[in-house]
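Coordinate inspection notes
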Amino acid sequence: MLNVLFFAALRDQLNTAELNWPASAATVAELLQQLQQQGEPWASALARPDLLCARNQAFCSLHDAISSGDEIAFFPPVTGG
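A brief report on the enclosed structure follows. For clarity, every value in this text was computed on a predicted model and none was experimentally measured. (Residues numbered from 1 in each chain as written. Predicted model: local features only at pLDDT ≥ 70, side-chain atom pairs only at ≥ 80, totals over all residues. Heavy atoms only, no water.)

Topic: the environment of Asp 50
Mapped onto the elements of the fold, Asp 50 is located in the loop between α3 (42–45) and β3 (52–55). According to the relative accessible area criterion, Asp 50 is partly exposed, its value standing at 34%. For Asp 50 and Phe 75, which are 25 residues apart along the polypeptide, the C-alpha to C-alpha distance reads 9.1 Å. At a separation of 2.9 Å, a polar atom in the side chain of Asp 50 contacts the side chain of Arg 48. (Helix = DSSP H or I, 4+ residues; strand = E, 2+ residues; numbered from the N terminus. Buried < 20%, exposed > 50% of the residue type's maximum accessible area, 1.4 Å probe, protein only. Polar contact = N/O pair within 3.5 Å; in protein donor to acceptor, adjacent residues only side chain to side chain.)

Things to note about the environment of Gln 13
With respect to the helices and strands, Gln 13 occurs in helix α1 (residues 9–14). Here Gln 13 falls in the partly exposed class, since its relative accessible area comes to 40%. Spatially, the C-alpha atom of Gln 13 lies 9.6 Å from that of Leu 46, the residues being 33 residues apart in sequence. Those residues in contact with Gln 13 that lie beyond four places of it in its chain are Pro 41 and Ala 45. (Contact = heavy atoms within 4.5 Å.)

Quick word on helix α2 (residues 28–36)
Among the residues making up α2, those that are buried are Val 28, Leu 31, Leu 32, Gln 34 and Leu 35. One side of α2 holds all its buried residues, which, seen down the axis, span an arc of 160°. Residues of α2 that are buried make contact with β1 (2–6), β2 (18–21), α3, β3, β4 (58–60) and β5 (71–75). (Arc of directions from axis to C-beta.)

Things to note about the environment of Leu 32
On the secondary structure map, Leu 32 appears in helix α2. For the pair Leu 32 and Ala 47, spaced 15 residues apart in the sequence, the C-alpha separation amounts to 8.8 Å. Excluding anything up to four places from it in sequence, Leu 32 contacts Leu 46, Leu 51, Leu 62 and Phe 74.

In structure tokens:
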């Protein structure tokens, strides 16, 4: 299983902060595609071109490999002041 986290606007759009997901994807991109296939609002919320991701609390790319037990987080860019 993967622990998938959603932050900021994504959490609000998807009405969830966390879910456990079967570890059938080999990369972050494949996981993202599986999540988008859940229909709306998943497809549109996760289609952002500026979407950021992290694997085990470190920024990663969509091409990074994932495995069972990983924590994957998705979030929009954030600014602070």
